[in-house]
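Residues per chain are reported as follows:
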Amino acid sequence: MCEPKRICIVGSGNWGSAIAKIVGKNVQSMDEFATEVTMYVYEEMVDGRKLTEIINTEHENVKYLKGHKLPENVLAVPDVKDAGKDADVFIFVVPHQFVSGLCKQLLGNVKPNAMAVSLIKGFEVSDNGLQLISDVIRNALSIECSVLMGANIASEVAGENYCEATIGCKDTNMGQLLKRLFQTEYFRIVVADDEKTVELCGALKNIVAVGAGLGDGLGYGDNTKAAVIRLGLMEMIKFCEEFYPGSKMATFLESCGVADLVTTCYGGRNRRVAEAFIKTGKSIEELEIEMLNGQKLQGPPAAAEVNVMLKAKKMEERFPLFTAIHRICIKDLPAKDFIGCLKNHPEHM
């Protein structure tokens, strides 16, 4: 009989903690997984106490997911190497800016037959251009890496509201193992083999959500937001076709695609901060600090990273929504010009 697989969650923000609640409970009823789940927690002081100490004694991430208890078998660990020791499955759920640094710390301490799954929505810019986060993990640790994306606002998942997610995985057996690890009665999983498109949807929709927030801040209504969502989806599809050929149209109809896009454009942090950006005149960086309680914004950096690729191929005019959002975020374009960019979208020509 195979040894039970040990799980390590790399990250402990609101989404990481929501996933820890699911995984921590699921492994208790399945022999194929070890009962203890380690969770790497960036150590912070909260009301004079270490966050890891609070999580391990009160079983609650009081900073990032207050009001939701974590299973007692989830162990918070402040060192990522210690958390990942002997792990068979790594669940990466940190802001994309920190992935490379954490992988460097893990290097040399990962089993050759381990696997990873990324829940991270973003890209990394390197000398070789834009990299998907799953590729960063795969290349850094020399292990397979799948992805999980979907219309999943962390607080709602933690509250056990019904929702769906998509696992992108080319390996059928690995995909089914991950489905067993994550699926619950309220968190339903579909496995798709179109791995790259699943991940791209997760990163690109955050850019569109910034556009939805800009529209809200400018005082436009739901008709305008619907147009932003539709045009944004068109640019997402076009981007995938242009830079990652082979995408399946059906993938955009999964939870990782249109469902996640709609949810984020109405309820996500990127939309909220973009609206405040218009209404307050403050910078994105200021609002991130003020509004997100230590969490990171993914839309503006993703827009900047995508713009690097568009500019390199002289394709900015073909992606006016993505381009306008990036330029507004860096204050290179007045926000009031946003809707004008949409009126002249190639889709209407």
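Structure shown above.
Residues numbered from 1 in each chain as written. Predicted model: local features only at pLDDT ≥ 70, side-chain atom pairs only at ≥ 80, totals over all residues. Heavy atoms only, no water.

## Some details on the environment of Gly-159
(1) Moving on: If you trace the backbone, Gly-159 turns up in the loop between helix 6 (154–158) and strand 11 (163–168).
(2) Moving on: For the pair Gly-159 and Tyr-186, spaced 27 residues apart in sequence, the C-alpha to C-alpha distance is 9.7 Å. (Helix = DSSP H or I, 4+ residues; strand = E, 2+ residues; numbered from the N terminus.)

## Digging into the pattern of salt bridges
(1) Moving on: By the definition in use, this model includes 24 salt bridges.
(2) Moving on: Across the salt bridge formed by Lys-63 and Glu-44, the nearest N and O atoms sit 2.6 Å from each other. Remark: Glu-44 occurs in the loop between strand 2 (33–40) and strand 3 (45–46) and Lys-63 occurs in the loop between helix 2 (51–58) and strand 5 (74–77); sequence separation between them is 19 residues.
(3) Moving on: Overall, the relative accessible area of 24% leaves Lys-63 in the partly exposed class.
(4) Moving on: Glu-44 sits in the buried class, given a relative accessible area of 15%.
(5) Moving on: The residue Asp-135 makes a salt bridge to Lys-196 at a minimum N-O spacing of 3.4 Å. Of the two residues, Asp-135 sits in helix 5 (residues 133–141) while Lys-196 sits in helix 8 (residues 195–217), which places them 61 residues apart along the sequence. (Salt bridge = Lys/Arg side-chain N within 4 Å of Asp/Glu carboxyl O. Buried < 20%, exposed > 50% of the residue type's maximum accessible area, 1.4 Å probe, protein only.)

## Some remarks on the packing of helix 8 against helix 11 (residues 269–280)
(1) Moving on: The N-to-C vectors of helix 8 and helix 11 enclose an angle of 40 degrees; their axes lie 7 Å apart at closest approach. Put simply, helix 8 runs oblique to helix 11. Between helix 8 and helix 11 the crossing geometry is right-handed. From helix 8, Asn-206, Ala-209, Val-210, Ala-212, Gly-213, Leu-214, Asp-216 and Gly-217 reach across to helix 11, where they touch Asn-270, Arg-271, Ala-274, Glu-275, Phe-277, Ile-278 and Lys-279.
(2) Moving on: The residue inventory of the contact of helix 8 with helix 11, partitioned by class, reads 7 nonpolar, 4 polar and 4 charged. (Axes fitted to C-alpha atoms, helices over the stretch in contact; angles between N-to-C directions. Parallel < 35°, antiparallel > 145°, perpendicular 65-115°, else oblique. Left-handed = near helix turned anticlockwise from the far one by under 90°. Contact = heavy atoms within 4.5 Å. Nonpolar A, V, L, I, M, F, W, Y, C, P; charged D, E, K, R; others polar.)

## Quick notes on the sheet that holds strand 11
(1) Moving on: Pairing within the open sheet is mixed, and its 8 strands lie in the order 5-2-1-6-7-10-11-12. Unpaired on one side and paired on the other, strand 5 and strand 12 (187–192) mark the two borders of the sheet. In this sheet, neighbouring strand axes are inclined to one another by 25 degrees on average, regardless of whether the strands run parallel or antiparallel.
(2) Moving on: Inspection of the sheet shows strand 2 paired to strand 5 by 4 bridges, in the parallel sense. From the neighbouring strand, Tyr-40 faces strand 5, where its bridge partner is Val-77.
(3) Moving on: Contacts from helix 2 reach strand 2 and strand 5, with the element oriented near 165 degrees to strand 5. (Pairing = 2+ DSSP bridges.)

## Side note on unusual backbone geometry
(1) Moving on: Its identity is not glycine, yet Asp-47 carries a phi of approximately 50 degrees, on the positive side.
(2) Moving on: Within the secondary structure, Asp-47 sits in the loop between strand 3 and strand 4 (49–50).
(3) Moving on: Residue classification places Asp-47 among the exposed residues on the basis of a relative accessible area of 79%.
(4) Moving on: For Asn-293, which is not glycine, the phi dihedral falls at a positive 55 degrees.
(5) Moving on: Summarising the element assignment, Asn-293 is placed in the loop between helix 12 (284–291) and helix 13 (299–312).

## Regarding the packing of helix 8 against helix 13
(1) Moving on: Put simply, helix 8 and helix 13 touch, their axes get as near as 8 Å, and they point 110 degrees apart. When the interaxial angle is binned, helix 8 and helix 13 end up roughly perpendicular. Like other packed secondary-structure pairs, helix 8 and helix 13 cross with a definite hand, here left-handed. Packed against helix 8, whose contacting residues are Ala-203, Leu-204, Asn-206, Ile-207 and Val-210, the element helix 13 presents Gly-299, Pro-300, Ala-302, Ala-303 and Val-306 at the interface.
(2) Moving on: Split by residue class, the contact of helix 8 with helix 13 holds 8 nonpolar, 2 polar and no charged.

## Quick notes on the side chain of Asn-152
(1) Moving on: By the secondary structure assignment, Asn-152 is in the loop between strand 10 (144–149) and helix 6.
(2) Moving on: Taking relative accessible area as the criterion, Asn-152 reaches 10% and is therefore assigned buried.
(3) Moving on: Discounting chain neighbours no more than four positions away, the residues touching Asn-152 are Trp-15, Val-157, Cys-163, Glu-164, Ala-165, Phe-187 and Asp-260.

## Some details on the nonpolar core
(1) Moving on: Counting residues in hydrophobic clusters, the biggest one holds 52 residues, and the most contacted among them are Leu-204, Leu-214, Phe-239, Phe-322, Ile-325 and Phe-338.
(2) Moving on: Ile-325 has contacts with Ile-207, Val-208, Val-210, Gly-211, Leu-214, Ala-303 and Phe-338, leaving out every residue within four places of it along the chain.
(3) Moving on: Within the second largest apolar cluster, 46 residues are counted, among which are Ile-54, Leu-65, Leu-148 and Leu-181. (Core = buried A, V, L, I, M, F, W, Y, C linked by side-chain atoms within 4.5 Å.)

## Let's talk about the packing of aromatic side chains
(1) Moving on: Tallying each qualifying case throughout the model produces 5 aromatic pairs.
(2) Moving on: With 6.3 Å between their ring centres and 75 degrees between their planes, Trp-15 and Phe-187 make a pair best called edge-to-face. Of this pair, Trp-15 sits in helix 1 (residues 14–26) while Phe-187 sits in strand 12, placing them 172 residues apart in sequence. With respect to burial, Trp-15 and Phe-187 carry one shared label: buried.
(3) Moving on: Clustering of aromatic rings is evident, with ring pairs tying together Phe-239, Phe-243, Phe-319 and Phe-322.
(4) Moving on: Against the face of Tyr-266 rests Lys-225, its NZ or CZ located 4.2 Å from the ring centre.
(5) Moving on: In this structure, Lys-238 packs its charged tip against the face of Phe-319, placed 5.6 Å from the ring centre. (Phe/Tyr/Trp six-rings, centres within 6.5 Å; stacked < 30°, edge-to-face > 60°. Lys NZ or Arg CZ within 6 Å of the ring centre and 35° of its normal.)

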